[in-house]
Amino acid sequence: MFDGQHIRQIRRSLGLTQLEFSQKYKIPIGSLCNWEQERNAPDATAVTLLYLISEAPDVVAEMLKNRPPIK
C-alpha cells in the first residue's frame, strides 16, 4: 500500500511540487495533499496510478497529457 511518506517520496524523486505533480498526473491537489498527510488513503484506482507513476513516470505523463483533470 502507498502511505503518505511513500507518495511524497515518489513526488520528490521526480523533483515536483505538489501542484506540479497534481497537474502533470491529473490528480486533484486536495487528494494529493490528503494522501501525503495521511488524512485519507488512495483508493485502488489511485494506488494503481501511483504505482505506474513510480515505475514509468514519463510514459504515464505522456498518456495523460491531453486528458482532462480528474474531478
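Above this note sits the structure.
Parameters at a glance
Residues numbered from 1 in each chain as written. Predicted model: local features only at pLDDT ≥ 70, side-chain atom pairs only at ≥ 80, totals over all residues. Heavy atoms only, no water. Salt bridge = Lys/Arg side-chain N within 4 Å of Asp/Glu carboxyl O. Helix = DSSP H or I, 4+ residues; strand = E, 2+ residues; numbered from the N terminus. Buried < 20%, exposed > 50% of the residue type's maximum accessible area, 1.4 Å probe, protein only. Core = buried A, V, L, I, M, F, W, Y, C linked by side-chain atoms within 4.5 Å. Phe/Tyr/Trp six-rings, centres within 6.5 Å; stacked < 30°, edge-to-face > 60°. Arc of directions from axis to C-beta. Contact = heavy atoms within 4.5 Å. Polar contact = N/O pair within 3.5 Å; in protein donor to acceptor, adjacent residues only side chain to side chain.

A.B. asks: How would you sum up the pattern of salt bridges? Please name residues and give values.
C.D. replies: What the rule picks out here adds up to three salt bridges. Two residues, R8 and E36, come together in a salt bridge whose shortest N-O distance is 3.7 Å. Of this pair, R8 sits in helix 1 (residues 4-13) while E36 sits in helix 3 (residues 29-36), and the two are 28 residues apart along the sequence. A relative accessible area of 22% places R8 in the partly exposed class. Residue classification places E36 among the buried positions, given a relative accessible area of 3%. One connected set of salt bridges, linked through shared partners, spans R8, R11 and E36.

A.B. asks: Mind laying out the nonpolar core, listing which residues take part and the relevant values?
C.D. replies: Within the largest apolar cluster, 17 residues are counted, with the highest numbers of intra-cluster contacts made by F21, Y25, I27, W35, L50 and I53. Elements with a contribution of two residues or more to this core: helix 1, helix 3, helix 4 (44-55) and helix 5 (57-64). Take this core: its biggest share by element is five residues, from helix 4.

A.B. asks: Outline the packing of aromatic side chains, supporting the account with residue identities and numerical values.
C.D. replies: In the structure shown here, the tally under the stated rule is one aromatic pair. Summarising the aromatic geometry, the rings of F21 and Y25 are spaced 5.0 Å apart at their centres and angled 55° between planes, so their arrangement reads as tilted. Grouping residues by exposure puts F21 and Y25 together as buried.

A.B. asks: For helix 1, give the residues involved together with the corresponding values.
C.D. replies: Within the sequence span of helix 1, burial applies to G4, I7, I10 and R11. One face of helix 1 carries all of its buried residues, which in axial projection span an arc of 125°. Set apart from the buried face of helix 1 by more than 90 degrees, the exposed residues are Q5, Q9, R12 and S13. The elements touched by buried residues of helix 1 are helix 2 (18-24), helix 3 and helix 4. Directly beyond the C-terminal end of helix 1, a positive phi value near 70° is found at G15.

A.B. asks: Before we move on, can you summarise the environment of K26 with the specific residues and values?
C.D. replies: Position of K26 relative to the elements: it lies in the loop between helix 2 and helix 3. Counting along the chain gives 22 residues from K26 to G4, while the straight-line C-alpha distance between them is 18 Å. What K26 contacts, discounting residues up to four positions off in sequence, is F21, L64, K65, R67, P68, P69 and I70. Among the polar contacts listed, one links the side chain of K26 to the backbone oxygen of R67, at a separation of 3.1 Å.

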